[in-house]
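Listed here are the chains, written in short residue letters.
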Amino acid sequence: MRIARLLGTVLGTTLLTTTAVLTAPAQAAPSAPPSTSLGRGSLDEAALQESLDAAHEAGLYGVFSAVRDGRERWTGASGLADVATGRPVTPGMRQRVGSISKTFTAVAVLQQVERGRIRLDAPVADYLPDLIPGERGREITVRMLLNHTSGIGDHVIPAFPSLLQNSPASLDEERFRSIPPEELVRLGLAAPATGRPGEVPGTYSNTNYVIAGLLLEKVTGQDADAYVTRHVIDRAGLRHTYLPRTPYLKGPHPRMYEALYGLIDPPRDYSVYDMSWIRSAGAVVSTMDDVNRFYRALLGGKLVGEAALGEMMRTVRVGGMEYGLGIYTVELRGCGRFWGHNGAVFGAGTFALTSQDGKRQVAFAQNLMKYQSLDENGRPLPHPIDDALSRHVVRALCPDTGTAAPATRDARGALSELLPGIDHSQLTSSLKFDQVSP
């Protein structure tokens with residue numbers, strides 16, 4: 001069948017996706033044993049592990065997770081960190097967390113708002129007068145960058161031009177290229193505008209957060225990565241989180257496999273990559289325990305004050321999300337409201353949600369991306385991996401509901417709207433998969 005448009009994200013559409021055209025690895029790894037909880041409670045450890053195993057059995061190479069319910073904690077993993085060697089994933093591995101980085105960047109900007117160095121509703125041109133030319137720079141405010149209502153297009157497709165020819169060649173050619181942030185901004189500004197500044201619904205654009213990183217450097221006089229490390233990562237007490245200075249990851253981590261909806265077959269490892277193509281929008285490396293610790297610290301008022309946190313939690317509609325300033329919210333029926341983000345880079349997807357009181361949390365990572373088949377409109381079709389990961393989220397966040405069908409369906413519906421870090425609308429309209437068949 002003919003696929004007229006690329007489904008939706010080069011860097012990872014819905015986080016609960018990978019690639020249906022792929023089969024499970026021939027060499028299966030044993031499940032990592034779950035950690036011992038701090039006490040008997042509501043977490044069903046067997047069910048949590050079963051849902052990870054189900055995702056692996058459905059074709060996901062590897063997945064690992066950290067869950068909290070009050071003082072009760074659980075970590076687990078299933079599948080492979082390295083398909084070639086059979087090395088298993090383990091719960092404490094590091095992962096490129098993609099657009100979860102946006103929450104880190106937004107926190108850093110809000111800290112400067114608290115210090116009076118940045119005003120959320122001031123034009124970007126007040127701080128970076130030469131970056132966004134003309135009236136556009138006077139119309140776009142700092143808030144519009146952080147909540148994706150600036151109307152600025154995304155730089156990712158122009159940065160990897162072969163994707164427009166249905167080829168992954170750019171992904172390999174640019175693996176070790178260092179791209180200046182100003183060049184990324186130029187590409188985003190040259191892309192078609194997605195709307196008028198401030199227009200709602202907004203459109204997700206990574207370029208917004210590259211600009212936010214430049215803004216942070218301008219007002220602090222520091223490298224953005226250095227500032228985030230000292231004032232966000234260290235302040236939150238994260239011991240295994242960092243912004244990489246080289247294409248190589250430090251510490252134990254899985255290989256990260258990208259299939260690009262069948263264009264890369266077999267899937268290729270992109271765990272070694274220069275992350276200058278995404279910078280402040282998606283370069284953080286972390287563990288799932290650290291991701292949970294970060295969101296718990298943020299929502300607990302340890303990184304910004306009450307007023308700044310309130311600004312972060314003022315949401316507008318952005319694509320399928322209720323998006324604040326670097327953080328979004330999702331309501332799970334009969335379970336409550338949760339806050340977090342997801343992220344995707346080539347080969348790696350990460351997802352995190354936390355209740356507003358910080359008591360219930362889940363963060364999980366996967367190392368195979370865009371595993372799905374596509375429908376006639378170039379959209380990803382549902383896959384058993386999606387259902388398994390949705391059940392995992394329900395078990396983690398809604399223990400009283402369990403895996404009851406209505407709750408799982410509701411979670412799947414709510415979670416399926418969330419983007420994992422890269423907006424897919426521009427790819428949907430620009431990439432053509434005429435030669436891809438299910």
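A few points on the structure.

## Examining the overall build of the protein chain
(1) Moving on: Broken down by element type, the protein chain carries 14 helices and 13 strands.
(2) Moving on: Out of the 438 residues in the protein chain, the part that is buried amounts to 63%.
(3) Moving on: A fraction of 75% describes how many contacts in the protein chain between residues 6 or more apart in sequence connect residues 24 or more apart.
(4) Moving on: If you sum the accessible surface of the protein chain, you get close to 15700 Å²; carbon and sulfur atoms cover 49% of it.

## Observations regarding the pairing of strand β12 (residues 360-366)
(1) Moving on: Counting buried positions along β12 yields six of seven residues, so the element is predominantly enclosed.
(2) Moving on: Relative to β12, strand β1 (residues 62-69) runs antiparallel, the two sharing seven bridges. By the bridge assignment, A66 is partnered in β12 with A363.
(3) Moving on: Here strand β11 (residues 348-355) pairs with β12 via six bridges, running antiparallel.

## Considering the sheet that holds strand β10 (residues 336-345)
(1) Moving on: The strand order across the open sheet formed by eight strands is β2-β1-β12-β11-β10-β9-β8-β7, and the pairing between neighbours is antiparallel. Of all strands in the sheet, those bounded by a partner on one side alone are β2 (72-79) and β7 (316-318). This sheet shows a mean twist of 25 degrees between the axes of neighbouring strands, independent of strand direction.
(2) Moving on: Contacts from helix α10 (residues 288-299) reach β1, β2, β10, β11 and β12 within the one sheet, and its direction differs from that of β12 by about 145 degrees.

## A few points about the packing of aromatic side chains
(1) Moving on: Throughout the structure, instances matching the rule amount to twelve aromatic pairs.
(2) Moving on: Consider the rings of Y61 and Y257, whose centres lie 5.1 Å apart with planes at 80 degrees: the pair is edge-to-face. In this pair, Y61 sits in the loop between α1 (45-57) and β1 while Y257 sits in strand β4 (residues 257-258), placing the two residues 196 residues apart along the sequence.
(3) Moving on: According to the relative accessible area criterion, Y257 is buried, its value standing at 7%.
(4) Moving on: Site record: aromatic cluster; members linked through ring pairs are F160, Y270, Y273, W277 and F346.

## Some points on the pattern of salt bridges
(1) Moving on: Under the defined criterion, the tally for this structure stands at 17 salt bridges.
(2) Moving on: For D223, the salt bridge identified is with R245, shortest N-O distance 3.2 Å. Remark: R245 occurs in the loop between α9 (224-233) and β4 and D223 occurs in the loop between α8 (206-220) and α9; sequence separation between them is 22 residues.
(3) Moving on: When the shortest N-O distance is used, the salt bridge between R337 and E331 registers 3.2 Å.
(4) Moving on: Counted as one network, the salt bridges with shared partners bring together D121, R143, E311 and R314.

## Remarks on the state of the cysteines
(1) Moving on: If you walk through the whole model with that rule in mind, you get one disulfide.
(2) Moving on: Two residues, C335 and C398, share a disulfide whose sulfurs are 2.1 Å apart. Taking the torsion about the S-S bond as the criterion, the C335 to C398 disulfide, at about -105 degrees, is left-handed. Remark: C398 occurs in the loop between α12 (384-397) and α13 (405-415) and C335 occurs in the loop between β9 (328-332) and β10; sequence separation between them is 63 residues.

Rules used throughout
Residues numbered from 1 in each chain as written. Predicted model: local features only at pLDDT ≥ 70, side-chain atom pairs only at ≥ 80, totals over all residues. Heavy atoms only, no water. Helix = DSSP H or I, 4+ residues; strand = E, 2+ residues; numbered from the N terminus. Buried < 20%, exposed > 50% of the residue type's maximum accessible area, 1.4 Å probe, protein only. Contact = heavy atoms within 4.5 Å. Areas by Shrake-Rupley, 256 points an atom, 1.4 Å probe, with all protein chains shown as cover. Pairing = 2+ DSSP bridges. Axes fitted to C-alpha atoms, helices over the stretch in contact; angles between N-to-C directions. Phe/Tyr/Trp six-rings, centres within 6.5 Å; stacked < 30°, edge-to-face > 60°. Salt bridge = Lys/Arg side-chain N within 4 Å of Asp/Glu carboxyl O. Disulfide = S-S within 2.5 Å.

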